[in-house]
Amino acid sequence: MFLHQTFNWISFQLHILKNILIFLAPAIPMTIKLTLVAFALALLLGLLVGLARLSQNGLIKALSKIYVDVLRGIPLLVQIFFIYFGLGKVLNLDRFVAGVIAIAVCYSAYLAEIIRAGIQAIHKGQYQAALSLGMTPYQTMRYVILPQSLRIIVPPVANEFIASLKDSSLVSIIGLRELTRAGREYYSQYFVDFQTWLVVGIIYLIMTLSLSRLVAYLEKKYRVHGYGIPH
Amino acid sequence: MIAKCGNFLLPRDVIIPRSSSGDDNIPLERGHAFMIIQTREISKRFGEIIALDGVNFEVEAGEVVVIIGPSGSGKSTLLRCLNGLEKTDSGEIIIDGIKLDKDKKSIHKVREELGMVFQEFNLFPHLSVLGNLCLAQETVRKRSKPDAEKISLELLKKVGLLEKKESFPNQLSGGQQQRVAIARALAMNPRIMLFDEPTSALDPEMIGEVLEVMKNLAKEGMTMLVVTHEIGFAREVAKRIIFMDQGKIIEEGRTEDILNSPQNPRTIAFLSKVLK
């Protein structure tokens, strides 16, 4: 009797979870797309700003410092509001574009600092050796410094990538139908809060865990030679 | 009275001229020879610290000159100024007839003439030994990959590390790394080699192999300017020694004169410590 009730309860719960999953599934690609586009843009901006932070030119250096300080000091949620409701009204941005810009700009500030630190971590003897061989500053950066920095910055950049995937949920607030927004819609229709957010959480977890696995694999595969234990 | 006090009354910064000891055929009046390095009154300060204070010296083509002096005396700064890694505050540097000034072209031209070897080797850790030798040949000298590799292999053979061509720097001993660094500099066909304390970061048993490579280079007639504490090397290879202290050249002259009968009290004090 008790066993039978338990079994019924479990099958009912599974049924709900299945329904939630079916409801949420179409929104998952939007979360992935939003994260990928925004993060690619953030990397590009971050590299430029990171290099600008190391510039000999005082003005460029000061401007890039302000860029980083301002964007790092304002919550992403506020930046999303500002870009969608503030700039968006003027420039007529749609939700996706506004979301991408907000995440890209915000994360570019963090990435700029990581990239700057990665470049500065390279011993100055490396610059001296490259320059003394007659290489130009550009060639030195391109062939000597950046390949070494890359290995240093891959783990923290991967961290930021995973963080940006999670932070993409904030864009739900302006009504872009990504995973979290879909969760809210399901909840407001069927009022099952515990199960809805459990499934949303698990889907995020599966995505972030697979990402960290992927990063670990890539790190191993594209490991820069000459570091760590001799092989 | 003054004569009795001897050198101790000399102004601290006078460079003591040496008279030729007759039968020796090393020309001390070097005005007629080709001066491949010339510096005039070069000065450099780092904030409050005066690293170089009006340094004048010349190096003749094919000459091996050793610079000695206590740490912080400006020896390394002097070498870095010669190839433009540090900018001088004042004074003039002429390398192989090219005046080193602010514009990037002259710095570039000068660096093509100068090879430099560092205390810390500074090999590129992400490249193999061969990659280290080829990189600047391909990017700066614009040699094709096969040409660059051919030259690299010849030089590796010369420094006795042909079998290590595929290794990475962290798989080599300090002495091997420094020999690779010398080969890397030579691959650019420099006319002058600068050595900045090339053996100071090495374990004692590895110093010999690096000095051996340097001695061979000297025998081939390479112009070399070497900052080192290896007095034995200086005695064997160097034609001249320059003693620096506090950013100035205190004394310079023929190796045997400086080592056997230094005149300036500071040179005497330094050598008595080093030769102990």
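Residues numbered from 1 in each chain as written. Chains lettered and ligands numbered in written order. Predicted model: local features only at pLDDT ≥ 70, side-chain atom pairs only at ≥ 80, totals over all residues. Heavy atoms only, no water.

1. What to know about the interface of chain A and chain B
With 24 residues of chain A in contact, the opposing surface of chain B contributes 24 residues. Together, the buried faces of chain A and chain B total about 2100 Å²; carbon and sulfur atoms form 64% of this surface. Counting the contacts that link chain A with chain B gives zero salt bridges. At the boundary of chain A and chain B, one finds six residue pairs in polar contact (both at pLDDT 80 or more). Elements supplying a minimum of two residues to the side of chain A that touches chain B: helix 6 (124–132) and helix 7 (137–167) of chain A. It is helix 6 of chain A that contributes the most residues to the side of chain A that touches chain B, seven residues altogether. Tallied by class, residues from the side of chain A that touches chain B come to eleven nonpolar, 13 polar and no charged. (Contact = heavy atoms within 4.5 Å. Buried area = accessible area lost by both parts, 1.4 Å probe. Salt bridge = Lys/Arg side-chain N within 4 Å of Asp/Glu carboxyl O. Polar contact = N/O pair within 3.5 Å; in protein donor to acceptor, adjacent residues only side chain to side chain. Helix = DSSP H or I, 4+ residues; strand = E, 2+ residues; numbered from the N terminus. Nonpolar A, V, L, I, M, F, W, Y, C, P; charged D, E, K, R; others polar.)

2. Observations regarding the environment of Y127 of chain A
Residue and element names in this part refer to chain A. With respect to the secondary-structure elements, Y127 resides in helix 6. Between the C-alpha atom of Y127 and that of I145, which follows or precedes it by 18 residues, the distance is 7.6 Å. Setting aside its immediate chain neighbours within four residues, Y127 contacts I119, I122, T140, M141 and I145.

3. Quick look at the sheet that holds strand 8 (residues 223–227) of chain B
All names here are of chain B. Strand order across the open sheet formed by six strands is 6-7-8-3-9-10, with mixed pairing between neighbours. Of all the strands in the sheet, just strand 6 (114–117) and strand 10 (248–254) have a single pairing partner and so form its edges. Across the sheet, the mean angle separating the axes of adjacent strands is 15° when strand polarity is ignored. Alignment of strand 9 (residues 240–245) against strand 10, held across six bridges, turns out to be antiparallel. Looking across to strand 10, one finds that I242 is bridged to E252. Packing of helix 2 (residues 75–82) onto the sheet brings it into contact with strand 3 (64–68), strand 6, strand 7 (192–196), strand 8 and strand 9, and relative to strand 7 it is tilted by some 150°. Helix 10 (residues 265–274) rests against strand 3, strand 9 and strand 10 of the sheet, and its axis sits at about 100° to strand 9. (Pairing = 2+ DSSP bridges. Axes fitted to C-alpha atoms, helices over the stretch in contact; angles between N-to-C directions.)

4. A closer look at the packing of aromatic side chains
Residues and elements named next belong to chain A. Taken as a whole, this structure holds eight aromatic pairs over all chains when the rule is applied. With centroids separated by 5.8 Å and ring planes inclined at 55°, the aromatic side chains of Y107 and Y110 adopt a geometry described as tilted. Of this pair, Y107 and Y110 are both found in helix 5 (residues 95–120), three residues apart, which corresponds to roughly one turn of the helix. Given the relative accessible area of 31%, Y110 is considered partly exposed. Residues Y186 and Y190 carry aromatic rings whose centres are separated by 4.6 Å and whose planes lie at 35° to one another, so their mutual orientation is tilted. Separated by four residues within a single helix, Y186 and Y190 lie in helix 8 (residues 179–190), roughly one turn from each other. The class of Y186 is buried, set by a relative accessible area of 5%. Among the residues examined, Y190 registers a relative accessible area of 47% and is labelled partly exposed. Members of the aromatic cluster, joined through ring pairs, are F23, Y186 and Y190. Over the aromatic face of F96 sits the side chain of K33, whose NZ or CZ is 4.8 Å from the ring centroid. One cation-aromatic arrangement involves K89 over Y84; the distance from NZ or CZ to the ring centre is 5.4 Å. (Phe/Tyr/Trp six-rings, centres within 6.5 Å; stacked < 30°, edge-to-face > 60°. Buried < 20%, exposed > 50% of the residue type's maximum accessible area, 1.4 Å probe, protein only. Lys NZ or Arg CZ within 6 Å of the ring centre and 35° of its normal.)

5. Comments concerning the side chain of E63 of chain B
Residues and elements named next belong to chain B. Tracing the backbone through its elements, the reader meets E63 in the loop between strand 2 (49–60) and strand 3. A polar atom in the side chain of E63 sits 2.8 Å from the backbone nitrogen of E60. Among the polar contacts made by the side chain of E63, one reaches the side chain of R240 at a distance of 2.8 Å.

6. A word on the sheet that holds strand 5 (residues 98–99) of chain B
Pairing between the strands of a sheet is mediated by backbone hydrogen bonds and can be parallel or antiparallel. Residues and elements named next belong to chain B. Overall, antiparallel pairing links the four strands, which are arranged 2-1-4-5 in an open sheet. Two strands in the sheet have a free side with no partner beyond their single neighbour: strand 2 and strand 5. Across the face of the sheet, helix 2 comes into contact with strand 1 (35–46), strand 2 and strand 4 (90–95) while running at roughly 65° to strand 2.

7. What about unusual backbone geometry?
Phi at N92 of chain A is positive, roughly 60°, even though this residue is not glycine. Non-glycine residue K142 of chain B carries a positive phi angle of around 60°. Within the element layout of this structure, K142 of chain B appears in the loop between helix 4 (129–139) and helix 5 (145–158).

8. Section: the pattern of salt bridges
On inspection of all chains with the given rule, the structure shows 21 salt bridges over all chains. Between E63 of chain B and R240 of chain B there is a salt bridge whose closest N-O contact spans 2.8 Å. Taken together, the residues E63 of chain B in the loop between strand 2 and strand 3 and R240 of chain B in strand 9 connect sequence positions 177 residues apart. E63 of chain B sits in the buried class, given a relative accessible area of 2%. Bridged by salt links that share partners, the residues R53, K65, D69, R72, E113 and R116 of chain A form one connected network.

Take it as geometry only, folks, not as evidence of what the structure does.
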